[in-house]
Amino acid sequence: MKHIYIIACALVVFSCKEKDLKAAGNGKEMAEAVHADKEHKGEEPTTPEGTEVYKPVPPKVQPGAKINDAPSDAIVLFNGESLDQWVSAKDGSTAPWHLNKDGSMTVKDKSGDIQTKQEFGSVQLHIEWKSPADIQGENQSRANSGVFLQGLYEIQVLDNNNNDTYVNGQVGSIYKQHVPLAMASVPSGEWNTYDIIYHAPEFNSEGEKIKSGTLTLLHNGILVQDHVEIKGTTPYIGWPKNPPHGKGPIKLQDHGDNSRVSYRNIWVREL
């Protein structure tokens, strides 16, 4: 019995040591896996200089003189002086919306959407908008407009102040796709800002989508869309569609119900 007891103890000790060795090995493998990526391979540097990079040097961009002013490398799409950068989305004719003395433009009811003459892919877009101070309508018929990227993907513009609606169609939503993380509007009649980081979808030679677009939106400086996936087009009825496309215009919506939404200070940086 004594011999059997000694053998059993030896087996237990051996088993524990084997587990410890495996755990140590797994720990090493785990540590290597944590640090492994395509860029960092081979022998790890042992000096600070081994991980310092000096080229390429990022280009210098001069910020705008005031908050929300266009930076030096931006394309100014609207500065309040004219609608020369815009055309009717229906037929390409002169943009028919109202140009105001305060440097803004306002939707001309039932005249149709307007869009940029220039087409864009991935962009940083800054745009300011306001709903009218005198409130009319409710639900989706109160100061309804929208900002369409590449003419296809809508970020909702809407007066939601004391005005409930379906949450995937409220202000700051990616229409019918992504509910905003917060409702960040200022009071009706005051200016809102949208700052948008948009990466366009990619398609292969057969017209199949191989990479979805993504969008980040700050509404009045508050993150309301956090690098969300664009599932496809944003129709009022039906599922998102994914027609193959290249660059497209930035489009502003005339909702056709006397929305009276105004826009100002629109600029874009190509990414």
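Relevant structure appears above.
What comes next is a walk through the structure. Because the structure is predicted, anything quoted here is derived from the model rather than measured.

Thresholds applied
Residues numbered from 1 in each chain as written. Predicted model: local features only at pLDDT ≥ 70, side-chain atom pairs only at ≥ 80, totals over all residues. Heavy atoms only, no water. Phe/Tyr/Trp six-rings, centres within 6.5 Å; stacked < 30°, edge-to-face > 60°. Helix = DSSP H or I, 4+ residues; strand = E, 2+ residues; numbered from the N terminus. Buried < 20%, exposed > 50% of the residue type's maximum accessible area, 1.4 Å probe, protein only. Salt bridge = Lys/Arg side-chain N within 4 Å of Asp/Glu carboxyl O.

## Structural notes on the packing of aromatic side chains
Okay, step 1: Inspection of the entire model under this criterion finds four aromatic pairs.
Okay, step 2: Judged by centre distance (6.3 Å) and plane angle (20 degrees), the rings of Trp97 and Tyr263 are stacked. A residue pair is termed long-range when its members are at least 10 positions apart, and Trp97 in the loop between β2 (86-88) and β3 (98-99) and Tyr263 in strand β15 (residues 262-270) qualify at 166 residues. Exposure class is identical for Trp97 and Tyr263. Each is buried.
Okay, step 3: Plain terms: the ring middles of Tyr153 and Tyr198 are 6.4 Å apart, the flat faces sit at 40 degrees to each other, and that makes the pair tilted. Placement of the pair is Tyr153 in strand β8 (residues 153-157) and Tyr198 in strand β9 (residues 192-199), with a sequence separation of 45 residues.
Okay, step 4: For Tyr153, a relative accessible area of 3% gives the class buried.

## Comments concerning the pattern of salt bridges
Okay, step 1: If you walk through the whole model with that rule in mind, you get six salt bridges.
Okay, step 2: Among the salt bridges present, the one from Arg269 reaches Asp73, with a minimum N-O distance of 2.8 Å. Taken together, the positions of Arg269 in strand β15 and Asp73 in the loop between α1 (2-35) and β1 (75-78) put the pair 196 residues apart, joining distant regions of the chain.
Okay, step 3: We classify Asp73 as partly exposed; its relative accessible area is 36%.
Okay, step 4: Residue Arg264 pairs with Glu128 through a salt bridge whose shortest N-O separation is 2.8 Å. Of the two residues, Arg264 is situated in strand β15 and Glu128 in strand β6 (residues 123-130); the sequence distance between them amounts to 136 residues.
Okay, step 5: What makes Arg264 partly exposed here is its relative accessible area of 29%.
Okay, step 6: A relative accessible area of 4% means that Glu128 is categorised as buried.

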